[in-house]
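# Observations on the model geometry
One letter stands for each residue in the lines below.
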Amino acid sequence: MAGINKVILVGNLGKDPEIMTYENGVKRAAFSLATTESYRGKDGNWQEQTEWHNIVLWGLHADKNLIKGDKIYLEGRLRYRTYEQEGQKKYITEIQGDKVLKLNTTGTGQYSNAAAPAPSVAEQPGHMAQSAPMPDASGDSDLPF
């Protein structure tokens, strides 16, 4: 049976993405993402817990025009890497993003990125916002029950 490695996060960018372009033209964007949870502590007061995640985006995802403070929805995979620095082995945990949606809105209430959520059925062009007629509740229906 195959395993599943899926991460879903909604949070704010902690810094502008560092974008690198490799010789073959492939782009890589790396940034930190903060996710904050609120909960009621033992004393009854609200507490906040912020976790910081290392995010890496490749290819077209690296060109999302993200900036520090942007709120995003991210789907991806957990990745572990090791590297050596000054003779010491270092470990890093990253999330490799597969899907990124910018959730910020501009002052007009419009989404600031083309990757905004799809409109609801009622907002789609050509859709007529009519409700279906309610069935007759007089009891004279042809239903056997």
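Here, every reference points to the structure presented above.
The shown structure was predicted, so the numbers you read here are calculated from the model rather than taken from an experiment. (Residues numbered from 1 in each chain as written. Predicted model: local features only at pLDDT ≥ 70, side-chain atom pairs only at ≥ 80, totals over all residues. Heavy atoms only, no water.)

## Details of the overall build of the chain
Summing up its helical and strand segments, the chain has zero helices and six strands in all. In the chain, the succession of α and β elements from N to C terminus is β-β-β-β-β-β. Counting all 145 residues of the chain, 23% fall into the buried class. A separation threshold of at least 6 residues defines the contact pool for the chain, and within that pool the share at least 24 residues apart is 52%. With the model as given, the accessible surface of the chain reaches about 11200 Å², and the carbon-plus-sulfur share is 51%. (Helix = DSSP H or I, 4+ residues; strand = E, 2+ residues; numbered from the N terminus. Buried < 20%, exposed > 50% of the residue type's maximum accessible area, 1.4 Å probe, protein only. Contact = heavy atoms within 4.5 Å. Areas by Shrake-Rupley, 256 points an atom, 1.4 Å probe, with all protein chains shown as cover.)

## Details of the pattern of salt bridges
Counted by the stated rule, this structure contains seven salt bridges. For Glu94, the salt bridge is made with Arg28, and the minimal N-O distance between the two is 3.7 Å. Of this pair, Glu94 sits in strand S6 (residues 88-102) while Arg28 sits in strand S3 (residues 27-40), placing them 66 residues apart in sequence. For Arg81, the salt bridge identified is with Glu94, shortest N-O distance 2.9 Å. (Salt bridge = Lys/Arg side-chain N within 4 Å of Asp/Glu carboxyl O.)

## Concerning the environment of Leu57
One can find Leu57 in strand S4 (residues 46-58). C-alpha of Leu57 to C-alpha of Gly76: the two residues are 19 residues apart in sequence and 9.2 Å apart in space. Those residues in contact with Leu57, other than ones at most four positions away along the chain, are Lys27, Arg28, Ala29, Phe31, Ala62, Leu66, Leu74, Gly97 and Val100.

## Here we look at the packing of aromatic side chains
Counted according to the given criterion, the structure contains one aromatic pair. Between the aromatic rings of Tyr22 and Trp58, the centroid separation amounts to 5.9 Å while the plane-to-plane angle is 20 degrees, which identifies the pairing as stacked. With Tyr22 in the loop between strand S2 (18-21) and S3 and Trp58 in strand S4, the pair connects residues that are 36 residues apart, well separated along the chain. (Phe/Tyr/Trp six-rings, centres within 6.5 Å; stacked < 30°, edge-to-face > 60°.)

## Comments concerning unusual backbone geometry
Not every positive phi belongs to a glycine, and Asn65 is a case in point at roughly 55 degrees. Within the fold, Asn65 resides in the loop between S4 and strand S5 (71-85). Classification of Asn65 as exposed rests on a relative accessible area of 66%. In this model, Glu86 sits at a positive phi of 50 degrees, which is unusual for a non-glycine residue. Inspection of the secondary structure puts Glu86 in the loop between S5 and S6.

## Details of the nonpolar core
Counting 14 residues, the largest nonpolar core has Leu9, Phe31, Ile55, Leu57, Leu66, Ile72 and Leu74 as the members making the most contacts within it. Residues contacting Phe31, with those up to four places away along its chain left out, are Leu13, Lys15, Pro17, His53, Asn54, Ile55, Leu57, Leu66 and Ile72. (Core = buried A, V, L, I, M, F, W, Y, C linked by side-chain atoms within 4.5 Å.)

## Some details on the side chain of Glu75
With respect to the helices and strands, the residue Glu75 is situated in strand S5. Accessibility expressed as a relative area gives 14% for Glu75, which makes it buried. Reaching out from Glu75, the side chain makes a polar contact with the side chain of Lys6 at a distance of 2.8 Å. (Polar contact = N/O pair within 3.5 Å; in protein donor to acceptor, adjacent residues only side chain to side chain.)

## So, the side chain of Thr35
Mapped onto the elements, Thr35 comes out in strand S3. Owing to a relative accessible area of 13%, Thr35 belongs among the buried residues under this scheme. A polar atom in the side chain of Thr35 sits 2.9 Å from the side chain of His53. In this structure, Thr35 is in contact with Leu9, Val10, Gly11, Gln49, Thr50, Glu51 and His53, ignoring residues within four places of it in sequence.

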